[in-house]
Amino acid sequence: GRDSSSDSDSASSGSSSSSGGSGSGSGSSGAEDAGPPRKVPKVEGGGRRRTRGSKAEAASRRENSASYWRGLEEAIDEAQVQIGSRGKMTALALRTRGLADCVDEQGVILGARMPFVMKLMLSYGDDEGDTSQRLELVRAVRDSVRQRRTGRAFLDAGGLVALKPWLLAALPRAATQRDDGSRQEVALEGLRLLQELPVTLRCLTESGDPGIGKVVTRLQKLCPKTEPFAVGLLNSWKEMVRREEEARKRAAAQAAAAAAAAA
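Here the residue numbering is sequential within each chain, running from 1 through the sequence in written order. Residues qualify for local features only when their pLDDT is at least 70, as the model is predicted, and side-chain atom pairs are given and counted only at 80 or more; totals for whole chains, interfaces and linings, by contrast, use all residues. The side-chain quantities take in all heavy atoms of the structure and omit both hydrogens and water.

### Some words on the overall build of the protein
In terms of helices and strands, the protein carries 11 helices and zero strands. Only protein chains enter the accessibility calculation, which uses a 1.4 Å probe; a residue whose area is less than 20% of its type maximum is buried, one above 50% is exposed, and one in between is partly exposed. Across the 263 residues that make up the protein, the buried fraction comes to 29%. Contact definition: two residues touch when any of their heavy atoms are within 4.5 Å. Within the protein, residue pairs in contact and separated by at least 24 positions form 68% of the contacts whose partners lie at least 6 positions apart. Here the accessible surface of atoms and residues is derived via Shrake-Rupley with a 1.4 Å probe, and residues count as covered only by protein chains that are part of the display. Total accessible area on the protein is roughly 16600 Å²; 52% of this is exposed by carbon and sulfur atoms. A run of DSSP states H or I qualifies as a helix once it reaches four residues; a run of E qualifies as a strand once it reaches two. Both are numbered from the N-terminal end.

The following block contains the structure:
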């Protein structure tokens, strides 16, 4: 029994060997027709050496990545400017508009430079680009009023006259003129600025025609988005006028009493 099994294993091995030989022969024949396979040199570590094409592709990928991050950083900077960010971004935005001499190291407008800022406000046009710049600038002025108490400097430089056209631009416009809401945003920020200014009765009467009070009243009636702010501002001005009138009457009465006593 063992002999027949050995014979059978031998036969199987012989047949397998024969089959492998013929396969090897046919493979050699194909290799001779196609030529010897090209060897790719290896570098230390077992990896294959990069060709010129792969180096160029890698350089291109690096450049694309760098370009992507540069673009992303610029987009973030621009978004921060558009939403009225404070500090360095505000300073940067102002410097790009020729106001480097008007701001301190935190980007806050100096009170002594308010006359120049008023000239800039009056120079803006009415297109969409200028609308975004108006919003940025009125926010910067408001920051200055809050942080440096420059409200009086703003008023003395003619701030109410410069601000009026920006408020009027938020009123309903002709059907041919498109408004994406940015003018109303400028008006809202302008009303917030007015709430923080030391406005007096004299400021209201000297704000031109139409007066700033009439402009705010029109915003209250015709611009729903600004109505709450306009109502609050008008009420505070009415209270201020009432106090000033009472103080004037008291001063007049005291003067009359003093004159009568002297006589």
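And the narrative resumes.
### Description of helix 10 (residues 212–222)
Residues Ile-212, Val-215, Val-216 and Leu-219 constitute the buried set of helix 10. For helix 10, the buried positions fall inside an angular range of 95 degrees around the axis, keeping them on one side. Exposed and facing more than 90 degrees away from the buried side of helix 10 are Lys-214 and Lys-221. In the core, the buried residues of helix 10 are packed alongside helix 7 (159–168), helix 8 (182–196), helix 9 (201–205) and helix 11 (227–262). Working definition: the arc comes from the directions between the helix axis and the C-beta atoms, pointing outward to the latter.

### Description of the confidence of the model for the protein
Chain-level pLDDT for the protein is 74 on average; 62% of the residues reach the 70-or-more range. Scored from 0 to 100, pLDDT reflects the predictor's confidence in each residue. In this model residues 1–34 is a low-confidence stretch, pLDDT under 50, and it forms one contact with partners more than four residues away in sequence or in other chains.

### Observations regarding the pattern of salt bridges
A pairing counts as a salt bridge when a side-chain nitrogen of Lys or Arg comes within 4 Å of a carboxyl oxygen of Asp or Glu. Going through the model one piece at a time under the given rule, you end up with 14 salt bridges. For Glu-196, the salt bridge goes to Arg-142, with nearest N and O atoms at 3.0 Å. Residue Glu-196 is found in helix 8, and its partner Arg-142 is found in helix 5 (residues 128–148); the two are separated by 54 residues along the sequence. Through salt bridges with shared partners, a single network forms among Arg-139, Arg-142, Asp-143, Arg-146, Glu-189, Arg-192 and Glu-196.

### Here's the deal with the environment of Ala-157
Tracing the chain through its elements places Ala-157 in the loop between helix 6 (151–156) and helix 7. Beyond its immediate chain neighbours, meaning those up to four positions away, Ala-157 contacts Met-114, Pro-115 and Met-118.

### A word on the packing of helix 8 against helix 11
Only the stretch in contact is used when fitting a helix axis, every axis being a line fitted to C-alpha atoms; angles between N-to-C directions are given from 0 to 180 degrees. Packing of helix 8 against helix 11 leaves a shortest axis separation of 10 Å and a crossing angle of 25 degrees. Comparing their axes, helix 11 and helix 8 come out roughly parallel. Once helix 8 is placed against helix 11, the crossing between them reads as left-handed. Contacts between helix 8 and helix 11 pair Leu-188, Leu-191, Arg-192, Leu-194 and Gln-195 from the former with Phe-229, Ala-230, Leu-233 and Trp-237 from the latter. Angular relationships are summarised with four words: roughly parallel below 35 degrees, roughly antiparallel beyond 145, roughly perpendicular across 65 to 115, and oblique for the angles in between. Two helices that cross are described as forming a left-handed crossing if the nearer one is turned anticlockwise from the farther one by less than a right angle, and a right-handed crossing if clockwise.

### Digging into the nonpolar core
Met-121, Phe-154, Leu-194, Leu-197, Val-216 and Trp-237 are the most contacted members of the largest nonpolar core, which totals 42 residues. Counting only elements with at least two residues in this core, the list comes to helix 4 (114–123), helix 5, helix 6, helix 7, helix 8, helix 9, helix 10 and helix 11. For this core, the element with the highest residue contribution is helix 5, accounting for six residues. When residues no more than four places from it in sequence are discounted, the contact partners of Val-216 are Leu-191, Leu-194, Ala-230, Leu-233, Leu-234 and Trp-237. In this description, a nonpolar core means a group of buried Ala, Val, Leu, Ile, Met, Phe, Trp, Tyr and Cys residues linked to one another through side-chain atoms lying within 4.5 Å.

### Some remarks on the packing of helix 4 against helix 7
In helix packing, the relevant descriptors are the interaxial angle and the interaxial distance, both defined with respect to the helix axes. Interaxial distance between helix 4 and helix 7 falls to 9 Å at its minimum, and their mutual angle equals 25 degrees. Taken together, helix 4 and helix 7 sit at an angle that is classed as roughly parallel. For the pair helix 4 and helix 7, the crossing hand works out as left-handed. Across the interface between the two elements, Met-118, Met-121 and Leu-122 from helix 4 touch Gly-159, Ala-162, Leu-163 and Trp-166 from helix 7.

### Details of the environment of Glu-245
Mapped onto the elements of the fold, Glu-245 is located in helix 11. Linking Glu-245 and Leu-201, residues 44 residues apart in sequence, is a C-alpha distance of 9.2 Å. At 2.8 Å, the side chain of Glu-245 forms a polar contact with the side chain of Arg-248. Here a polar contact is taken to be a pair of N or O atoms separated by no more than 3.5 Å, where protein atoms must pair a possible hydrogen donor with a possible acceptor and residues adjacent in sequence count only if both atoms sit in side chains.

### Regarding helix 8
Helices are assigned an expected span. That span is 1.5 Å times one less than the residue count. Over its 15 residues, helix 8 extends 22 Å from the first C-alpha to the last, a length consistent with the 21 Å expected when each residue adds 1.5 Å. Of all the residues in helix 8, the buried ones are Arg-183, Val-186, Ala-187, Leu-188, Glu-189, Gly-190, Leu-191, Leu-193 and Leu-194.

### Here's the deal with unusual backbone geometry
In this chain, Asp-209 is followed by Pro-210 through a cis amide linkage whose omega measures 0 degrees. By the element assignment, Pro-210 lies in the loop between helix 9 and helix 10. With a phi close to 55 degrees, Arg-149 is a non-glycine residue in the positive phi region. Its place among the elements puts Arg-149 in the loop between helix 5 and helix 6. Overall, Arg-149 belongs to the exposed group, its relative accessible area being 70%.

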